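# An overview of the molecular structure
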Amino acid sequence: MRPTAQRIVKETLPTLALGAAGAGLFWLIGFPAYMLTGPAAAVSVATMLGLKTLIPLPLRDVVFVVIGVSIGGTVTPEVIETALTWPISLAILAVTLVVLIFSLRAILMRGFGYDMMTATLAATPGHLSYVLGLSTSMGVDVARVALVQTTRVLLLTLCVPLLISFWGMTGTAYVIDHGAISLFAAAVVFTAALALGLIFKRISIPAPLLLGAMAASAIGHGANLTPGNLPIWLNSLAFMVMGCLIGTRFRGLNRKGLLGALAAGAVGTLVSCAVAAIGAVIAARLIGLPPSVLLLAFAPGGVEIMAALAVSTGLEPALVAAHHVVRLLILSVAVPLLIVRIKA
C-alpha cells in the first residue's frame, strides 16, 4: 500500500468512527438532524483539538450525489400540484427570500467581519446539506457557515413548535408516502444525476455534482418517472459523512472564532424569523389560512425538519413541503448566480 493511501486510511477511518459516535450521542439526547449535526460536532471538536481528520474527495463526491438525489426526491407530483394552487403565497415567499439574503448578508459582513462569499452562503435560508455542500465546493470559511446554519436549524426546530402550541393550532392533513424507490428507478436517477453533474462541472456551475443530482432527481420525481424514496440507511450514511466533512473544516478555528460564529448564528436566526414571520402573516391574510400554517411554510429551516413538524401537527404538510421545495428550487438557481457574480 502506498504511503498516500496509508495516510488516507489512517485519517479517514477514525474520522468516520468519530462521526458515528457523534450521531449516536446526539440521537440519545434528541438533538435535531442528529445524523448530520452529531458527526459535525464530534469531528469538529476532535479537529480543533489537533486530531488529523479527513474525508477523501471521491467519498465526498459520492455523498454529494446521494444528498442531491435525496433533496430532488422531495419534488413529487403532489408537491407540484399544491404549489400551483398557492401562487400568491409563493410570490411572497420569493420576496422574503430576497430580503432575507441581502439583509442578513449585510449584517454578517458589517457586524461580524465575514467576506461576501461566506456571508452569502451563511445567509442563505436553504436546506442545510445543500448550503454546506456548496460551501465545501467553493473553498469558503465552512466552519463559520456551518455554525451559523446549524444554529439556525437548531433554534428553529426548538422554537417553531412552541409558537404553534402558543397559537393552539392543530390539523388533520397528511402526505402521500410513495414508498421505497425501485432498483431500476434508482439506477436511472443516479446515472442521470452523474451525467448531469459532469455536464455542470464542464460548464463551471458551482457544486456541480450536488446540483446535477438535485436537478435529475427533481425531474424524475416531479414527472413521476422515478417515484419513491432512497433507503433510510443510505440517506443516513450520506448525512453522517457530510457531517464528518464539515468537522474536518474546523482547523485553525479558535475559541474566539467559535463564539463569534455562534453569536452570528443567533442573530441570523432572529433576523430570518422576523422576515419570515412578516411574510407569513401577509400571506395568511391574503389567502385566508392560519398564520401557524404559513409560519411553518415560510420558516427558514431544513425541508425535512419543517415538513416533519407539519406532519406531526397535521398542519397542511403538503402545502408546507411545497413551499420549502419551491424555496429550495429558487435558491438552487439564485445562489449559484450570486456566487458567479461575486467571483466575477
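What comes next is a walk through the structure.

With respect to the helices, strands and loops of the structure, T15 is situated in helix α1 (residues 3–28). Judged by relative accessible area, which is 0%, T15 ranks as buried. Ignoring sequence-local partners within four residues, the contact set of T15 consists of V43, K52, T53, L54, I55, C244 and T248.

Once that is clear, we can look at the packing of helix α2 (residues 34–48) against helix α11 (residues 232–248). At their nearest, the axes of α2 and α11 sit 7 Å apart, and the two run at 30° to each other. It follows from the interaxial angle that α2 and α11 lie roughly parallel. Between α2 and α11 lies a crossing of right-handed hand. On α11, the residues touching M35, L36, P39, A40, V43, S44 and T47 of α2 are S236, F239, M240, M242, G243, C244, I246, G247 and T248. Taken together, the residues of the contact of α2 with α11 break down into ten nonpolar, six polar and no charged.

Summed over the entire model, instances satisfying the criterion amount to one salt bridge. Among the ionic pairs, D61 bridges to R60, the shortest N-O distance being 3.0 Å.

Turning to the nonpolar core, a few remarks are in order. Most often, soluble globular proteins have nonpolar side chains that are buried together. If you look at the biggest cluster of nonpolar residues, it comprises 63 residues, and the most contacted ones within it are I67, L108, Y114, L121, Y130 and M242. Looking at this core, the element that brings in the most residues is α11, giving eight residues. Residues contacting Y114, with those up to four places away along its chain left out, are L108, M109, A119, A122, R144, V148, A261 and A264. Counting residues in hydrophobic clusters, the runner-up holds 15 residues, among them A280, A283, A284 and L294.

Turning our attention to the packing of helix α3 (residues 57–72) against α11. Orientation of α3 relative to α11, taken along the N-to-C sense of each, is 130°, at an axis distance of 9 Å. Taken together, the axes of α3 and α11 are oblique relative to one another. Crossing angle aside, the handedness with which α3 passes α11 is left-handed. Judged by residue contacts, L59, R60, V63, F64, V66, I67 and S70 of α3 engage L234, N235, A238, F239, V241, M242 and L245 from α11. Looking at side-chain class alone, the contact of α3 with α11 contains eleven nonpolar, two polar and one charged residues.

Procedures and definitions
- Residues numbered from 1 in each chain as written.
- Predicted model: local features only at pLDDT ≥ 70, side-chain atom pairs only at ≥ 80, totals over all residues.
- Heavy atoms only, no water.
- Helix = DSSP H or I, 4+ residues; strand = E, 2+ residues; numbered from the N terminus.
- Buried < 20%, exposed > 50% of the residue type's maximum accessible area, 1.4 Å probe, protein only.
- Contact = heavy atoms within 4.5 Å.
- Axes fitted to C-alpha atoms, helices over the stretch in contact; angles between N-to-C directions.
- Parallel < 35°, antiparallel > 145°, perpendicular 65-115°, else oblique.
- Left-handed = near helix turned anticlockwise from the far one by under 90°.
- Nonpolar A, V, L, I, M, F, W, Y, C, P; charged D, E, K, R; others polar.
- Salt bridge = Lys/Arg side-chain N within 4 Å of Asp/Glu carboxyl O.
- Core = buried A, V, L, I, M, F, W, Y, C linked by side-chain atoms within 4.5 Å.

Function-wise, these values are silent; they only describe arrangement.
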